[in-house]
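Tertiary structure, described
Here is how the chains run, residue by residue.
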Amino acid sequence: MNLAVIPARGGSKRIPRKNIKPFLGRPMIAWSIGAAIESGCFDRLIVSTDDEEIAEIARQSGAEVPFLRPAELADDYATTSDVIRHAISWLDQNDRMPERVCCIYATAPFLRAGDITRGFDLLEEGGADFVFSATSYAFPIQRAIRLTPEGRVEMLMPEQFSTRSQDLDEAYHDAGQFYWGRSEAWLSGKPIFSPLATALILPRYRVQDIDTPDDWLRAELMFKALHEFDAARS
């Protein structure tokens, strides 16, 4: 069995009701649910939430909400891995143990069904414990600077000051969209970011964290531009 779990608690602070706030005409979570369904990868698609309104919108969008998440897994200290382990255990007790589980974030409107499928293929072909989406930094991280308490500037890696940009290793970061993993890896608490994981690299223009109102506006503008570009090519 392949299981998709979309964590979506009700207590978002920086953008209230973020998981169901309308994003270009659809509740935000509906974009993630739609991509998961379109991928055809999953036997069951579960939204893990503590919120009745989110649960109802998730059902209307095509997902299952067979339980409400316990309060201890819905506060600011519960981790995504905690939520996924709870969903796996629930399914094991009420249906059967899934072999592979994909955590999909509720605020990932740029996620595409094809990315989910490619991630699954990487998991199966490469023998990794986890496969997740990632993208490259736009600027060499070895040239990063920080501000001191006195307002002065320091390089994080001063030894790289004279190194040519083309000689620096490219760096990547989590794209915050999906995380395929084997059930035993989730349940045993193995780290996602490790040599046992593989990254599916996405172009930077299809990755945007949405944590603040400014992020939200930027994501909507990027999303519109991307769809206009895709429409012009088709």
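Because the structure is predicted, anything quoted here is derived from the model rather than measured. (Residues numbered from 1 in each chain as written. Predicted model: local features only at pLDDT ≥ 70, side-chain atom pairs only at ≥ 80, totals over all residues. Heavy atoms only, no water.)

Remarks on the sheet that holds strand β4 (residues 44-48)
Spatially, β4-β1-β5-β9-β6-β10 is the arrangement adopted by the six strands of the open sheet, whose pairing is mixed. Lying at the two open borders of the sheet, with one neighbouring strand each, are β4 and β10 (197-201). When the angles between neighbouring strand axes are averaged without regard to direction, this sheet yields 25°. Taken together, the five bridges between strand β1 (residues 2-7) and β4 define a ladder with parallel strand orientation. Within β4, the position partnered with Ala4 by the bridge is Leu45. Helix-sheet contacts for helix α1 (residues 28-39) involve β1, β4 and β5 (100-104), and the interaxial angle to β4 is about 160°. Against the sheet, helix α3 (residues 80-94) contacts β1, β4 and β5, and its axis sits at roughly 135° relative to β1. (Pairing = 2+ DSSP bridges. Helix = DSSP H or I, 4+ residues; strand = E, 2+ residues; numbered from the N terminus. Axes fitted to C-alpha atoms, helices over the stretch in contact; angles between N-to-C directions. Contact = heavy atoms within 4.5 Å.)

With respect to the packing of aromatic side chains
By the definition in use, this model includes eleven aromatic pairs. Between the aromatic rings of Trp31 and Phe223, the centroid separation amounts to 4.9 Å while the plane-to-plane angle is 65°, which identifies the pairing as edge-to-face. With Trp31 in helix α1 and Phe223 in helix α6 (residues 213-233), this residue pair connects regions lying 192 residues apart in the sequence. Note on accessibility: Trp31 and Phe223 belong to one class, buried. Arranged with centres 5.2 Å apart and planes meeting at 45°, the rings of Phe67 and Trp90 form a pair that is tilted. Within this pair, whereas Phe67 is found in the loop between α2 (52-60) and α3, its partner Trp90 is found in helix α3, the two being separated by 23 residues in sequence. Chaining the aromatic ring pairs together yields one cluster made of Phe23, Trp31, Phe110, Trp216 and Phe223. (Phe/Tyr/Trp six-rings, centres within 6.5 Å; stacked < 30°, edge-to-face > 60°. Buried < 20%, exposed > 50% of the residue type's maximum accessible area, 1.4 Å probe, protein only.)

Points about unusual backbone geometry
Note: most residues except glycine have negative phi, and most peptide bonds are trans. In this model, Arg17 sits at a positive phi of 60°, which is unusual for a non-glycine residue. With respect to the helices and strands, the residue Arg17 is situated in the loop between β1 and β2 (22-23). One non-glycine residue, Leu24, lies in positive phi territory at about 50°. Note on placement: Leu24 falls in the loop between β2 and β3 (26-27). By relative accessible area, which is 31% here, Leu24 ends up partly exposed.

Digging into α1
Since the α-helix advances by 3.6 residues per turn, residues separated by three or four positions end up pointing in the same direction. Within α1, nine of the twelve residues are buried, leaving the element largely enclosed by the surrounding structure. The complete set of buried residues in α1 reads Met28, Ile29, Ala30, Trp31, Ser32, Ile33, Ala35, Ala36 and Ser39. Remark: Gly40 follows α1 within two positions and exhibits a positive phi of approximately 70°.

A closer look at the environment of Ala58
One can find Ala58 in helix α2. Measuring from C-alpha to C-alpha, the distance between Ala58 and Gln177 comes to 17 Å, with 119 residues separating the pair along the chain. Here Ala58 is in contact with Ile33, Val47, Ala63 and Val65, once residues within four sequence places are set aside.

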